[in-house]
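Listed here are the chains, written in short residue letters.
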Amino acid sequence: MRYGEITFAALALTLTLGLGGCAEYMNHHGHPGGGHMVKVDEAIAVIVPTTGSAVSGKIHFVSVPGGIHLLGEVGGLAPNSEHGFHIHEFGDVSSADGKSAGGHYNPEGHPHADVRVQPRHAGDLGNLKADGAGVGKVDLVVKGISIAGHMNPIIGRGVVVHAKPDDLKTQPTGDAGGRIGVGVIGVAKSGIAATLPAK
């Protein structure tokens, strides 16, 4: 490799690291890094029911310093019930039982725990609590994850609503039972989440 090639390679590496460290970017093909860079600071998951379930809803994800703000609601739940609520490994909702979404998103290999403690799975979101009409509202800031950045990115992964409450201690999944709602986290049109009312 000649001197000029070494200098160009070093410059390219410096620019790549600089972009990755300050914001969340994807190229115009939808992949992190490379090509024309587009900032990605909002995502959405549309929750659909698994077989035998009536669960549906939308969850918006908005980048905030050090993490993501989740806003939205899920309906079709039993009145006044609680349900484990997690980000899972795969954005694959092809199986009727939701199991194609894989296990909890846990890139750092931590034990399962409540969303408010550390260490925990990056995908641990605690429990979704339904009101008397069977609607669970989400207004939660989760630290330690990003939409498309270097810190445990969630874009393209899955969201799962479970049949039972997460006990927040049983390993590795909190004994939350089957999967009654699943969704894929995709890039959202910027600005939509800002119009949603917080609870």
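Values in this document were obtained by computation on a predicted structure and should not be read as measured data. (Residues numbered from 1 in each chain as written. Predicted model: local features only at pLDDT ≥ 70, side-chain atom pairs only at ≥ 80, totals over all residues. Heavy atoms only, no water.)

Things to note about the pairing of strand E5 (residues 67-75)
Then, in step 1: Judged from the nine bridges that link them, strand E4 (residues 56-64) and E5 form a sheet pairing that is antiparallel. Bridge pairing links Phe61 to Leu70 in E5.
Then, in step 2: Counted along the chain from E4 to the antiparallel partner E5, the turn is two residues long, and its residue Gly66 has a positive phi close to 80 degrees.
Then, in step 3: Where E5 and strand E8 (residues 136-143) come together, eight bridges link them in antiparallel fashion. Across the sheet, Gly72 pairs through a bridge with Val138, a residue of E8. (Pairing = 2+ DSSP bridges. Helix = DSSP H or I, 4+ residues; strand = E, 2+ residues; numbered from the N terminus.)

Let's talk about the side chain of Arg120
Then, in step 1: The topology assignment puts Arg120 in the loop between strand E6 (82-88) and strand E7 (124-129).
Then, in step 2: Asp124 provides the closest opposite charge to the buried, salt-bridge-free Arg120, at an N-O distance of 5.7 Å.
Then, in step 3: Here the side chain of Arg120 touches Lys143 through a polar contact of 2.7 Å, landing on its backbone oxygen.
Then, in step 4: In contact with Arg120, other than residues within four places in its own chain, are Asn106, His110, Pro111, Ala113, Asp114, Val115, Val142 and Lys143. (Buried < 20%, exposed > 50% of the residue type's maximum accessible area, 1.4 Å probe, protein only. Lys, Arg positive; Asp, Glu negative; His and termini not counted. Salt bridge = Lys/Arg side-chain N within 4 Å of Asp/Glu carboxyl O. Polar contact = N/O pair within 3.5 Å; in protein donor to acceptor, adjacent residues only side chain to side chain. Contact = heavy atoms within 4.5 Å.)

Details of unusual backbone geometry
Then, in step 1: Cis geometry marks the peptide bond from Gln171 to Pro172, where omega comes out at 0 degrees.
Then, in step 2: You can see Pro172 is positioned in the loop between strand E9 (158-162) and strand E10 (179-187).
Then, in step 3: With a phi close to 45 degrees, Asn152 is a non-glycine residue in the positive phi region.
Then, in step 4: Phi is positive for Leu168, which is not a glycine, with a value near 65 degrees.
Then, in step 5: For Leu168, the location among the structural elements is in the loop between E9 and E10.

Section: the sheet that holds E5
Then, in step 1: Within the open sheet, the eight strands sit side by side as E7-E6-E9-E10-E3-E4-E5-E8. Their pairing is antiparallel. The open sheet has two edge strands with one neighbour each: E7 and E8. For this sheet, the mean angle separating the axes of adjacent strands, direction not counted, is 20 degrees.
Then, in step 2: In this sheet, E4 lies alongside strand E3 (residues 42-49) in antiparallel orientation, the contact comprising six bridges. Counterpart to Val46 in the pairing with E4 is Lys58. (Axes fitted to C-alpha atoms, helices over the stretch in contact; angles between N-to-C directions.)

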